[in-house]
Structure formats: structure tokens, C-alpha cells
Amino acid sequence: MKNKLLILLIVSFIFGLLGCQTTTTYYLGAQAEPDEVVSLSPWNAGPQHWQDLYVEVDYYLTFDGEQLDIEGTLSFSDSPQVNYTRVMDLKLKVFLLDKDLTVVSYRDIARTLSGQLEDETDFRGVLPFPNSAQFLTFGYDGSFEDNDPESPSTDSIWKLPARQK
């Protein structure tokens, strides 16, 4: 029985590592939409703001020549606060893009599981900064819930760079 449990744990661990490995490169080469990117040259110093229909990101960038440090706060825009009662899960990602808006580096930087649409989630992350990086954008995936007693629903949302076919 102990051997079976140990084998099961080892197999689960290996599959877990394999799953992590595939997600670390999945978006490399994907294309971002041009209307929501931020230029990284000339270097943007000071507080920055990025927003779309669902999320708002207030952030600050620091660059040391080889890596980009980003810290800030994730909050929800007015639309989900009006149309939903809670957030089920939301993962925020930051993408570094080359001159063609192709993803050259990215990282998950925040995740909210509190359920409250009024909550803010602080984040801090470090990304390797390839020489080809010229733009930055944010992306996310998650779901919201509406507790309407007559017609409850859960809606999945996402904004991510698109993989080319």
C-alpha cells in the first residue's frame, strides 16, 4: 500500500512539473492587439495605468538592463462591479512584446480568489527583459458569478494574446 501511494505521489509530481513546463512557454510567439499596448521606449518612469472593460492595473516599472521589475495593484473596472456579484477566480499576466507585438516574455503576476469585486490585489514580479522587447501589455483569464435567483450564471472572461494559426 505504501509503495502504491509513493508511486502515485511521484507520478503526480512529474505530471505537475510537466504541466508547469508547458505553460511557461505557451504564449511565446502569440500576437497582442495594438490598441492596448504600452511603449517601453522612451522608458516610462513613474506610476502607470492600464484598463479595459474588466480590470484596472496601476503599476510601476523598474528596469536594471536585464530584468523588468513590476509592482502594482489589480482592481476591477466598473462593468463587472455592476454586472456581477463576485469574482470566482482571475489571473493577471504581463506580456513583453517585440516591435511586431509578438510575445517575447511573460509572467503570471497576480491572482485574486477573494470573491469580492471591491477588493484590490497587490502584486510584484520580475521578468527577464529580452533585447527585442519594446512594448508591454496585460492579459487575464477568469470568471465572474451572478447570483440572480431567477437565472444564476457564471461567465468566463479572458484577454490574452492570440496564437497564430
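Up top is the structure these notes are about.
Conventions we followed
Residues numbered from 1 in each chain as written. Predicted model: local features only at pLDDT ≥ 70, side-chain atom pairs only at ≥ 80, totals over all residues. Heavy atoms only, no water. Phe/Tyr/Trp six-rings, centres within 6.5 Å; stacked < 30°, edge-to-face > 60°. Helix = DSSP H or I, 4+ residues; strand = E, 2+ residues; numbered from the N terminus. Buried < 20%, exposed > 50% of the residue type's maximum accessible area, 1.4 Å probe, protein only. Lys NZ or Arg CZ within 6 Å of the ring centre and 35° of its normal. Polar contact = N/O pair within 3.5 Å; in protein donor to acceptor, adjacent residues only side chain to side chain. Contact = heavy atoms within 4.5 Å. Salt bridge = Lys/Arg side-chain N within 4 Å of Asp/Glu carboxyl O. Core = buried A, V, L, I, M, F, W, Y, C linked by side-chain atoms within 4.5 Å.

Focus: the packing of aromatic side chains
Summed over all chains, the structure comprises eleven aromatic pairs. Summarising the aromatic geometry, the rings of Tyr27 and Tyr106 are spaced 5.3 Å apart at their centres and angled 90 degrees between planes, so their arrangement reads as edge-to-face. With Tyr27 in the loop between helix 1 (2-23) and strand 1 (38-39) and Tyr106 in strand 6 (residues 103-112), this residue pair connects regions lying 79 residues apart in the sequence. For the pair formed by Tyr27 and Tyr106, the shared burial category is buried. By the ring-pair criterion, three or more aromatic residues cluster together here, those being Tyr54, Phe76, Tyr84, Tyr140 and Phe144. In this structure, Arg163 is placed above the aromatic ring of Tyr26, and the distance from its NZ or CZ to the ring centre is 5.2 Å.

Overview of the side chain of Asp89
Mapping Asp89 onto the fold places it in strand 5 (residues 86-97). The exposure class assigned to Asp89 is buried, which follows from its relative accessible area of 17%. Separated by 2.7 Å, the side chains of Asp89 and Arg111 make a polar contact. Discounting chain neighbours no more than four positions away, the residues touching Asp89 are Arg111, Thr112, Leu113, Asp141, Gly142 and Ser143.

Thoughts on the pattern of salt bridges
Opposite charge on two side chains lets them pair, provided their charged atoms get close. All chains considered together, the criterion is met by nine salt bridges. Here Lys159 and Glu36 are joined by a salt bridge, their closest N and O atoms 3.1 Å apart. Here the residue Lys159 occupies a position in strand 9 (residues 153-159), and Glu36 occupies one in the loop between helix 1 and strand 1, the gap between them amounting to 123 residues. When its relative accessible area of 27% is taken as the criterion, Lys159 is described as partly exposed. With its nearest N and O atoms 3.6 Å apart, the salt bridge here joins Asp141 to Lys91.

Quick look at the nonpolar core
As a rule of thumb, soluble globular proteins bury nonpolar side chains together. Among the nonpolar cores identified, the biggest contains 30 residues, and Tyr59, Ile70, Leu90, Leu136, Phe138 and Phe144 are the most heavily contacted of them. Elements supplying a minimum of two residues to this core: strand 3 (55-63), strand 4 (67-76), strand 5, strand 6, strand 7 (121-128) and strand 8 (135-146). Looking at this core element by element, the count peaks at five residues for strand 5. Setting aside anything within four residues of it in sequence, one finds Leu136 in contact with Glu36, Val37, Val38, Leu40, Tyr59, Leu61, Leu68, Val94, Phe95, Leu96 and Leu97. Within the second largest apolar cluster, nine residues are counted, among which are Ala30, Ala32, Leu97 and Phe135.

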